[in-house]
Amino acid sequence: MRLGVLDIGSNTVHLLLVDAHPGARPVAFASHKRPLSLVQFLDAEGNINDAGQHELIEFVLEAWEFAARHKAEDLLAFCTSAIREATNGVEVLARVKHETTVTLQELTGSEEASMTFFAVRRWYGWGAGPILDLDIGGGSFEMAFGQDELPELAVSVPLGASRLTRDWLHNDPPTAKSVKELRKYIRNTLKPVVREFKQLGRANLVAGTSKTFRSLARIAGAAPSGAGPYVKRELHATDLGLWAQRISAMTVEDRLYLPGVSDARAAQILAGALVAEAALEMFEFPSMEICPWALREGLILRRLDQLIFDGPLAPAPHVGLGGAVPVPRLGANTGTAAPAAVSIPIPIAGRQAN
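Please read these numbers as outputs of a predicted model, since none were measured by experiment. (Residues numbered from 1 in each chain as written. Predicted model: local features only at pLDDT ≥ 70, side-chain atom pairs only at ≥ 80, totals over all residues. Heavy atoms only, no water.)

What the protein contains, in helices and strands, is 11 helices and 15 strands. Burial statistics for the protein: of 354 residues in total, 54% are counted as buried. Counted over contacts in the protein with a minimum sequence separation of 6, partners at least 24 positions apart contribute 72%. Accessible surface, the protein as shown: approximately 15,300 Å² in total, 52% of it carbon and sulfur. (Helix = DSSP H or I, 4+ residues; strand = E, 2+ residues; numbered from the N terminus. Buried < 20%, exposed > 50% of the residue type's maximum accessible area, 1.4 Å probe, protein only. Contact = heavy atoms within 4.5 Å. Areas by Shrake-Rupley, 256 points an atom, 1.4 Å probe, with all protein chains shown as cover.)

Next up, the structure:
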């Protein structure tokens, strides 16, 4: 079957299509994505403004049509901290559903951390033992620990790279004072969380599962993405500390010359480096591995597991009706048949914190 996952993140909106069946690893078929930092569209009251909502709706329609054109049978659509924490998040979700027919499932921070951990566990297997997973997003930083498929503790804190850049690093390059103050804020935020994790024991493996970690590892000399997912990539605390210091003295334009740094992430890579540096230091690990699977893969795998018990998918609503169901596009119909959109329960094991 062909399954689509529509991910409305804080930095990027991304549709991934994979071919898979229960018991098989998902194989990427195609993707469609666009840089879209919804936090940049927040007004003084924390609302996503009309321009941001229009950009979001336009992409959701593009993704919906892309999935239908490539014959996706199933579509999971979800959103994370950018909409979850917006003052008008509920209204934005309602508008998206009204104008696109797509229902975005809003994940809590704990659900996000748990489903990412689930993907990491599937990637490394039981032989990895206890795992600590770290994921730096645009709006939040997720941490999860456990020995099973779902974590014993899953926590989300407001230390996303885009959020911290917007709130703390206003100059280009940033001032030494602002970097010092941000370092202190990150450590103060993480201190009680790290203490709670340490009560559960020590991990055999620390995994990093976000684009920020992949970019930092690439800067520090890890293999490029073109080398494939099976190449082992590590990020060492000593390299991270060195590069965090170097990046803090660079302009955003200069950072674009670093390997693995895109236009969309050049401004926020420093904030991400400071969070990563603090996390490894406070959890007392000298290095971490970069895992190629993360939240999207976790949701895909969960959906495939669900099919084992629920049986084959029912046909999409338009199949066999003598014609395609038109997909709305900003008031106009395109005539493109749409896949069936579903929501899946997100189980959370153990304790959680938002």
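This next bit is on the pattern of salt bridges. Within this structure, the stated rule accounts for 18 salt bridges. A salt bridge links Asp305 to Arg122; the shortest N-O distance between them is 2.5 Å. Of this pair, Asp305 sits in helix 11 (residues 295–310) while Arg122 sits in helix 4 (residues 109–124), and the two are 183 residues apart along the sequence. The exposure class of Arg122 is partly exposed, given its relative accessible area of 29%. In this structure, Glu281 engages Arg187 in a salt bridge whose closest nitrogen and oxygen atoms are separated by 2.9 Å. (Salt bridge = Lys/Arg side-chain N within 4 Å of Asp/Glu carboxyl O.)

Relative to each other, helix 8 (residues 237–248) and helix 10 (residues 269–283) sit at 150°, their axes nearing to 9 Å. The angle between the axes of helix 8 and helix 10 places the two elements in the roughly antiparallel class. Crossing handedness for the pair helix 8 and helix 10: left-handed. In contact with Ala237, Leu240, Gly241, Ala244, Ile247 and Ser248 of helix 8, helix 10 contributes Ile269, Leu270, Ala273, Leu274, Ala276, Glu277 and Leu280. Class assignment for the residues of the contact of helix 8 with helix 10 results in 10 nonpolar, two polar and one charged. (Axes fitted to C-alpha atoms, helices over the stretch in contact; angles between N-to-C directions. Parallel < 35°, antiparallel > 145°, perpendicular 65-115°, else oblique. Left-handed = near helix turned anticlockwise from the far one by under 90°. Nonpolar A, V, L, I, M, F, W, Y, C, P; charged D, E, K, R; others polar.)

This part covers the environment of Leu270. Assignment of secondary structure puts Leu270 in helix 10. Put simply, Leu270 and Arg255 are 15 residues apart on the chain and 9.4 Å apart in space, counted from C-alpha to C-alpha. Sequence-distant contacts of Leu270, that is, excluding residues within four places in its chain, are made with Leu169, Pro174, Val179, Ala244, Ile247, Ser248 and Arg255.

As a further point, take the side chain of Asp7. Within the secondary structure, Asp7 is located in strand 1 (residues 2–8). Leaving out residues up to four positions away in the same chain, Asp7 has contacts with Thr12, Val13, His14, Phe78 and Arg296.

This part is about the nonpolar core. With 52 residues, the main nonpolar core has Leu134, Phe141, Met143 and Leu190 as its most contacted residues. In this view, Leu190 contacts Phe141, Met143, Val157, Leu159, Ala278, Ala279 and Met282; residues no more than four positions away in its chain are not counted. Phe59, Phe66, Leu93 and Val102 belong to the second-largest nonpolar core, a separate cluster that totals 30 residues. (Core = buried A, V, L, I, M, F, W, Y, C linked by side-chain atoms within 4.5 Å.)

What the rule picks out here adds up to four aromatic pairs. A centroid spacing of 5.1 Å and a plane angle of 65° characterise the contact between Trp123 and Trp293, whose relative ring orientation is edge-to-face. A residue pair is termed long-range when its members are at least 10 positions apart, and Trp123 in helix 4 and Trp293 in the loop between strand 11 (287–290) and helix 11 qualify at 170 residues. Residue classification places Trp123 among the partly exposed positions, given a relative accessible area of 24%. Put simply, the rings of Trp123, Tyr230 and Trp293 touch in pairs and so form one group of aromatic residues. Positioned over the ring face of Phe29 is Arg2, at 3.5 Å from the centre of the ring. A cation over a ring is seen here: Arg202 above Phe285, with NZ or CZ 3.8 Å from the ring centre. (Phe/Tyr/Trp six-rings, centres within 6.5 Å; stacked < 30°, edge-to-face > 60°. Lys NZ or Arg CZ within 6 Å of the ring centre and 35° of its normal.)

Right, let's get into the confidence of the model for the protein. Chain-level statistics for the protein give a pLDDT mean of 88 and a share of 87% at 70 or above. Here residues 313–335 is a poorly scored stretch, pLDDT under 50, and it has 46 contacts once near neighbours within four places are set aside; other chains count. (pLDDT = per-residue confidence, 0-100.)

Right, let's get into the environment of Leu42. Within the element layout of this structure, Leu42 appears in the loop between strand 3 (27–35) and helix 1 (50–69). Separated by 40 residues in the primary sequence, Leu42 and Ala82 place their C-alpha atoms 9.5 Å from one another. When neighbours within four sequence positions are excluded, Leu42 is seen to be in contact with Asn47, Ile48, Ala86 and Arg166.

The next subject is helix 4. Each α-helix turn comprises 3.6 residues. Residues three or four places apart therefore point the same way. Taking 1.5 Å per residue, 16 residues should reach 22 Å; helix 4 reaches 23 Å between its end C-alpha atoms and fits that length. Where burial is concerned, most of helix 4 is hidden: 13 out of the 16 residues are buried. Count one or two residues on from helix 4 and you reach Gly125, which has phi positive near 85°. (Expected span 1.5 Å × (residues − 1).)

Here Ser37 lies in the loop between strand 3 and helix 1. Setting aside residues no more than four positions away along its own chain, Ser37 makes contact with Ser10, Asn11 and Ser162.

With that settled, the discussion passes to unusual backbone geometry. Going from Asp172 to Pro173, the amide bond is cis rather than trans, its omega being 0°. Position of Pro173 among the secondary structure elements: in the loop between helix 5 (161–168) and helix 6 (176–198). Here Lys71, not a glycine, exhibits a phi torsion of approximately 60°, which is positive. Phi is positive for Thr101, which is not a glycine, with a value near 70°. Structurally, Thr101 can be placed in the loop between helix 3 (89–100) and strand 5 (105–106). The class for Thr101 is partly exposed, based on a relative accessible area of 46%.

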